[in-house]
Amino acid sequence: MQPPLRAEGPLATPSSDPDARPPRQPSARRGRFRGFGILRLLLVVASVVALAGSVAGYGLYNSLRADLPDYRWLADYQPQQMSRIYAADSRLMAELANERRVFVPIEAIPRRLQLAFISAEDQNFESHHGVDYFAIMRAAVFNVEAYMGGRRMIGASTITQQVAKNMLVGADRTILRKAREALLAMRIEAALSKPRILEIYLNEIFLGLQAYGVAAAAQSYFNKSLDELTLAEMAFLAALPKAPNNYSPVRFPEQARIRRNWVLERMLEDGHITRAEADAARAEPIIVRPTRRPDMLAVGQHFTEEVRRELVQRFGPEQAAGGGLVVRTSLEPPLQAAAEESLRNGLMQYDRRGGWRGPVGRISITPTEWQAALEAQARPPGMLPAWRLAVVQQVQANEARVAWLDRANIRAPWEVRTGVLDLPDTTWARLQTPGPTPAAPVRIGPAPRRMQDVVNPGDLVMVEPAATPQRAQRAVLRQVPQAEGAVVALDPATGRVLAMAGGWSFDRSQFNRGWQAMRQPGSSFKPFVYLPALEDGIPPNQRYLDTAVEIQSGNSVWRPGNYDGSVSGQALTMRSAMERSLNLVTVRIAQQVTMARVSDVANRFGVITNMPPFLAMSLGAGETTVVRMAAGYASFVNGGRRVEPTLIDSVQDTRGRVIWRSDSRRCQGCDAAADRVPALDDNRRQITDPIAAFQMVNILQGVVQRGTGGRAATGLNRPVAGKTGTTDDYKDAWFIGFTPDIVIAVWVGYDDPRTLRRPGEQGADVTGGRLAAPIFRDVLAAALQGSPAVPFRAPPGVSLVRIQTDAGQTIMEAFRPGTENAATPPDAGIFAPGAAQRVESGLGGLY
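Draft legend 1. Geometry of helix α19 (residues 626-637). For α19, built from 12 residues, the straight-helix expectation of 16 Å at 1.5 Å per residue is met to within 8% by its first-to-last C-alpha distance of 17 Å. Taking burial as the measure, the 12 residues of α19 include 11 buried ones, the bulk of the element. Within α19, burial applies to Val-626, Val-627, Met-629, Ala-630, Ala-631, Gly-632, Tyr-633, Ala-634, Ser-635, Phe-636 and Val-637. Gly-639, located one to two residues past α19, shows a positive phi value of around 90 degrees.

Here it is, written out as structure tokens:
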């Protein structure tokens, strides 16, 4: 029998089957177990996800950590910044820079300026550890609302993160970059102090107008130093890092004002300023004062270039141009200007004696063409800044009208100026004509009798306008000299170079003839020949024969002679021979003291090192520099101590610490009480005894008073000593002279050694006494201006005796004690009396 069918669905009724069980009702306990299972499943899934995330995060962390740049160098980081070179009076001479940047230590940045940037960029800078989590959450909420409302989103980078971005990781906009930036920021915080991080930030942040760092920005926007900024100006600078170009006070003044006021409000909220200060700063307008580069000296370019070379040699090119060095030099600008002017005047006077070499070019003087043609002409090399390139427009018998273009500055339009050349001012302009052959010397014509003998319409000439600019004014015809020269002035007590002119014009040639050029000193070397005799106790009144000498060396015979070819045949004192610059006596003295001694003296004084001991060297056949000769003569003045010429007094780093100083003397008692005068230890090497040095000074005074150096002291009424020098065939003209407080060396000659003597000139016209001594005199007059007359100081023990010179004049002669009557007859010396003496000696490259 089949069981009864069960109805299914909603109309089903309970079965009447007695074996059927009633349906089981779900219990509460079973529901609890089922909920626990779901929770357990979720926990397992969450654990797996967390574990996977941890593994992935750890892997990402390791990947980022392995790829992080080294941040430890930030501890010693010094940004590239300008080095500055200053003269002795603190005037700026030059700026050396790879980047125009100004680094300021955190101690020198005003605290209120620091707080302005902290309020604007990172309010929790002092408390967070590289990442500000509260700022991140706040930025996240704001950015969601901003995204929904279509507004600009904000960031949450701390100052430390910005340092990491700017210095290490770059500015690409990716999640990985932000992660690396945050990780680096935390590491930087652990390695560096807060002040150091803020110092790097404030010196590296870009603030517009090509300014990096707050110091450069203060100069660019307000032409002020940091300590001169007002509160409103500080707040404006702090408003710039977000978007410097968008807050430019020139292009967007209203946006700049709003952003500045926002910074002021943040500073007020943080308690850094008061309400009254904030209100006063808000009322202050933003006035931009464009920076102006500091005025630099217009003189001393050769000096400055030599300083730059020394900095590169001493500190390396990167530190010299980007180390922010503060270089104090010994240059005295007034004396430097006088040295350059005196040298140029002397070279122009010599050049004018050689006549007029003609115009530098020709152009059309058509009214519609000449201005454009003149503007297109390049300035001739060596043309001085005060000169103008002019075109001759009209020529009459006694004058010529010239025109040139001038303007106030490089952005101003050209203006036409006119002037008049007068015939009396051009009497020197005798026309040069070439000789019959290229090797023949040029011929110099007669003095011009009319203006047409000098210029013609269309000629391009150099002129110097009168001092007062007018529409029509007097102009003077100029010509760039072909000869060159050099002047070096230094302090004999310290060796500090006070002025140095290395040539006619730095623009024409950067070669420094005062420091670099090796030239023969000629007769200016003679003091170093006479000095060994004085050291040996030979008195200045010892007589030597001024007679002919033949010097045999192998198959060669050298017959030296006096520069003018004369032979007096007399027995002359050492003093008279020096005053008259007699070569024959000098050779005899050199033979007596031996050339080995002369070579030793030249080496001790630093004039010529390792000089061959040949007799020709006694007449200045070796090579030396102008600055070495000046330093050598300085040792006579200071009592026989070695002088090392220096250009740089001190060098300071960016924090003001002195890292190099030229003066190595120790100061005994500098740390003692102020009422005690400290004593400086003179650690310079004694290279000759003070008495011999003073004897040489006394002899060289006679050269100026009675000898070949008479033009060196004209009108000065001061004690001056010195020596002329002229080399073989008149290739070099020297004068090195001094007073108790300054030594000045002057050289004149051609870069390619050739005679200074022109056809028709006498040898006396191109000697050191004629060409170099007047330049010396003009430089010395400028150096002595306003200073009292000071006599040469005699050392203890020297004996001053009144004697008569060979010319019958009465003078005070300096003797070593016990040698007042030690002079012997000339026939007792190394040469016996006679018309000619033969001496075996090496010649070595005689001139």
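Draft legend 2. A look at the sheet that holds strand β24 (residues 743-749). Spatially, five strands are ordered β13-β12-β24-β23-β22 in an open sheet, and the strand pairing comes out antiparallel. This sheet does not close on itself; its edge strands, each paired only once, are β13 (497-501) and β22 (721-726). Pairs of neighbouring strands in the sheet enclose a mean axial angle of 5 degrees, with direction left out of account. Two elements, β22 and strand β23 (residues 732-738), share six bridges in a ladder whose sense is antiparallel. Note on β23: the bridge partner recorded for Gly-722 is Gly-737. Packed on one face of the sheet, helix α13 (residues 333-352) meets β12 (484-490), β13 and β24 and runs near 30 degrees to β13.

Draft legend 3. Spatial organisation of the packing of aromatic side chains. Considering all chains together, one arrives at 16 aromatic pairs under this definition. Ring centres of Phe-222 and Phe-236 lie 5.9 Å apart, and the angle between their planes is 75 degrees; on these two criteria the pair is classed as edge-to-face. You can see Phe-222 sitting in helix α7 (residues 214-222) and its partner Phe-236 sitting in helix α8 (residues 231-239), a full 14 residues away along the chain. By the burial criterion, Phe-222 is buried, and Phe-236 matches it. Three or more aromatic residues link up through ring pairs in this structure, and these residues are Phe-525, Phe-528, Phe-605, Tyr-633, Phe-636, Phe-738 and Phe-792. The positively charged end of Lys-194 is found above the aromatic ring belonging to Phe-125, 4.5 Å away from the centroid. Residue placement shows Arg-344 over the ring face of Trp-504; its charged tip is 6.0 Å from the ring centre.

Draft legend 4. Just the side chain of Thr-767, in detail. Along the chain, the position of Thr-767 falls in the loop between β24 and α21 (768-784). Sequence-distant contacts of Thr-767, defined by excluding residues within four places in its chain, comprise Tyr-563, Thr-726, Tyr-730, Ala-733 and Ala-772.

Draft legend 5. Structural view of unusual backbone geometry. Of note, the phi angle at Asn-717 is positive, near 55 degrees, even though the residue is not glycine. Note that Asn-717 resides in the loop between α20 (690-706) and β22. Asn-717 sits in the exposed class, given a relative accessible area of 72%. Of note in this structure, Asp-729 is not a glycine but carries a positive phi near 60 degrees.

Draft legend 6. Region of interest: the sheet that holds strand β3 (residues 326-329). What the five strands build is an open sheet, ordered β2-β1-β3-β18-β19; its pairing is mixed. Edge positions in the sheet fall to β2 (92-96) and β19 (658-661), since each has one partner strand and no second. When the angles between neighbouring strand axes are averaged without regard to direction, this sheet yields 15 degrees. Relative to strand β18 (residues 648-652), β3 is paired through four bridges, and the arrangement is antiparallel.

Draft legend 7. Geometry of helix α17 (residues 583-593). Summarising burial for α17: 10 of the 11 residues are buried, a large majority. Where α17 is concerned, the buried positions are Asn-583, Leu-584, Val-585, Thr-586, Val-587, Arg-588, Ile-589, Ala-590, Gln-591 and Val-593. Once α17 ends, the next one or two residues include Thr-594, with phi positive near 80 degrees.

Draft legend 8. The pairing of strand β25 (residues 799-804), seen in detail. Both β25 and strand β26 (residues 810-815) contribute to a ladder of six bridges, which runs antiparallel. Bridge assignment links Leu-800 to a residue of β26, and that residue is Ala-814.

Draft legend 9. The arrangement of the environment of Thr-274 in detail. Among the structural elements, Thr-274 can be located in the loop between α9 (253-269) and α10 (275-282). A residue is classified by how much of its surface remains accessible, and Thr-274, at 42% relative accessible area, is partly exposed. Put simply, Thr-274 and Leu-264 are 10 residues apart on the chain and 9.9 Å apart in space, counted from C-alpha to C-alpha.

Thresholds, definitions, all that
- By convention here, each chain's residues receive numbers from 1 onward along its written sequence.
- Totals for whole chains, interfaces and linings use all residues, but because this is a predicted model, local features are given only for residues with pLDDT of at least 70 and pairs of side-chain atoms are given and counted only at 80 or more.
- Only hydrogens and water are removed before side-chain values are computed, so all heavy atoms of the structure are retained for them.
- Numbering of helices and strands runs from the N terminus; a helix is a DSSP stretch of H or I covering at least four residues, while a strand is a stretch of E covering at least two.
- A helix is expected to reach a length of 1.5 Å times the quantity of its residues less one.
- Here's how the labels work: a residue is buried when its accessible area is under 20% of the maximum for its type, exposed when over 50%, partly exposed in between, all with a 1.4 Å probe on protein chains only.
- The pairing criterion for strands is at least two bridges between them, as found by DSSP.
- Here an angle of 0 to 180 degrees is reported between the N-to-C directions of two axes, which are lines fitted to C-alpha atoms, with helices fitted over the stretch in contact.
- Residue contacts follow a heavy-atom distance rule, with two residues in contact if any of their heavy atoms lie within 4.5 Å.
- Here is the rule: rings of Phe, Tyr and Trp (six-membered ring for Trp) pair when centre to centre is within 6.5 Å. Planes less than 30 degrees apart are stacked, more than 60 are edge-to-face, and the remainder are tilted.
- Criterion for a charge above a ring: Arg CZ or Lys NZ at most 6 Å from the ring centre, at most 35 degrees from the ring normal.

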